[in-house]
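Each chain, written out:
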Amino acid sequence: MSIRDHDSSPLSSRPSPPGHRRTNPQVGTSPTTTHHRSRAAGLILALVLSGCSSDRPPAPSATSSSPTSAAGDTTGEERGSTADPEEVATNLQAPWSIAFYKGTALVSERDSARILEVDDERPAQPREVTTVAGVSASGEGGLLGLSVRGDSLFAYFTAESDNRIQRFPLRTGSDGVELGSPETIVDGIAKAGFHNGGRLAFGPDGMLYATVGDAGNQDSAQERESLSGSILRMKPDGTVPEDNPFPDSLVFSYGHRNPQGLAWDDDGTMYASEFGQDTWDELNIIEPGGNYGWPEVEGISEDGADGGDFIDPVQQWRPDEASPSGIAISDDRLLIANLRGQVLRTVPLSDLAEAEVAYAGEFGRLRDVVSGPEGEIWLLTNNTDGRGDPAADDDRILHIPADFSTDD
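Read on for an overview of the structure. The structure displayed is predicted, hence computed values, not measured ones. (Residues numbered from 1 in each chain as written. Predicted model: local features only at pLDDT ≥ 70, side-chain atom pairs only at ≥ 80, totals over all residues. Heavy atoms only, no water.)

One open sheet accounts for four strands, arranged β2-β26-β25-β24; its pairing is antiparallel. Of all the strands in the sheet, just β2 (86–89) and β24 (366–371) have a single pairing partner and so form its edges. Within this sheet the neighbouring strands show an average axis-to-axis angle of 25°, counted without direction. The pairing of strand β25 (residues 377–381) with strand β26 (residues 397–400) spans four bridges and is classified as antiparallel. Bridge pairing in β26 places L380 opposite I397. (Pairing = 2+ DSSP bridges. Helix = DSSP H or I, 4+ residues; strand = E, 2+ residues; numbered from the N terminus. Axes fitted to C-alpha atoms, helices over the stretch in contact; angles between N-to-C directions.)

Structure, rendered in structure tokens:
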């Protein structure tokens, strides 16, 4: 098994199949299954020749590798950007997630278990809000995703025996944001030194969603009674919503290896980024009750496999050019932070088979991308996590304008 914090390879996209722009059916209805599509012989050969990738990213090339479509065609992927980022914070240690409370940015550090308050009017001087008790940081585990709802902060972290989700009361004190005593709302999620998932996000339905990796037990991703290898959906108190696809289960979708990004468009369509193993990283549209195939398939599956019960990604990339982590939606585009690929990838919502990249190799590994309170884009680098090549001021938080564009 290849153990990596997915940092991917060149983009490999496919032509849009009919109906690929799927809108989620109403929660609680039966999932729509998407049948497998055949891959051309040239693509199959590419899969065979695809080798395991190292955890340390190679130096980025000056030009883009050509993505390969499912039909075997190749098209260029634009690189570069017309917007100069503004540095907001520096010298962070393995930062992982950004969330906002009343306009204030809160950032998690994976290994230190610190939550930092970042004031964009005082660059490079984040304030420590708290150190989360009980975090056991090792490998890819530690303090991971943050999300805010009302006056509560939700945190996903690796403890001594499991992964768990806690809720903290939030308030604004004399010195800044303050956290109250935590309440554990979900525990018993399998942990490992890798594939812990960890992203938290509230959907437009007011429910809390969490990505969970397979924790190295691949078969668990196909076991619906297991929380591993799934995306969870819960009420803010951690209980199961009555309209979840499986009775008395937090599991919303399954068959995932290590999903790490969640976002919704204005129509309520839910997107998730996912680290593959050695062949394909994925961008998926998430349907309630959907099976995304891991470990039976990786990427777009062959026609007829297992009766076509698995849902195909809408786009896939070679792992050494992607490793898609946090995602966000801004200006009718899906933004994807890439670790190993060291790019900010943009996918137009009007054509999910297309993509462009920006800032190729300029800032190293990118862990998270978030649309801020004023519509600005926040980028979180991740070069101090043991797999990057840190610059003097790494890790950093960067601002870019919402209307940034890639060069033609």
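Here the focus is the nonpolar core. Residues Y156, I165, L208, L232 and M234 are the most contacted members of the largest nonpolar core, which totals 19 residues. Among the secondary structure elements, those contributing two or more residues to this core are β8 (152–158), β11 (183–189), β12 (200–202), β13 (208–212), β14 (230–234) and β15 (251–254). Within the second largest apolar cluster, 16 residues are counted, among which are A99, V148, L153 and A155. (Core = buried A, V, L, I, M, F, W, Y, C linked by side-chain atoms within 4.5 Å. Buried < 20%, exposed > 50% of the residue type's maximum accessible area, 1.4 Å probe, protein only.)

Within the structure shown, the criterion is met by 16 salt bridges. One salt-bridge network, held together by shared partners, links E87, D394 and R396. (Salt bridge = Lys/Arg side-chain N within 4 Å of Asp/Glu carboxyl O.)

Here we take up the layout of surface pockets. If you add up the space inside the largest pocket, you get close to 530 Å³. As for the largest pocket, its lining consists of 22 residues, of which A201, F202, L262, I327 and V370 are closest to the centre. Elements that contribute at least two residues to the lining of the largest pocket include exactly β3 (95–101), β7 (143–149), β12, β16 (259–264), β20 (324–330) and β24. Partitioned by chemical class, the residues of the lining of the largest pocket number 16 nonpolar, four polar and two charged. (1 Å grid on protein atoms, 1.4 Å probe; cavity = no way out; pocket = protein on both sides within 12 Å on 5 of 7 lines; lining within 4 Å. Points joined across faces, edges and corners; volume = space filled by probe spheres on them. Nonpolar A, V, L, I, M, F, W, Y, C, P; charged D, E, K, R; others polar.)

This part takes up the pairing of strand β5 (residues 114–118). Across the five residues of β5, four count as buried, placing the element largely inside the fold. Across four bridges, strand β4 (residues 104–109) lies against β5 in antiparallel orientation. Bridging across to β5, S108 finds its partner in I115. Joining the antiparallel neighbours β4 and β5 is a turn of four residues, in which A113 adopts a positive phi near 65°.

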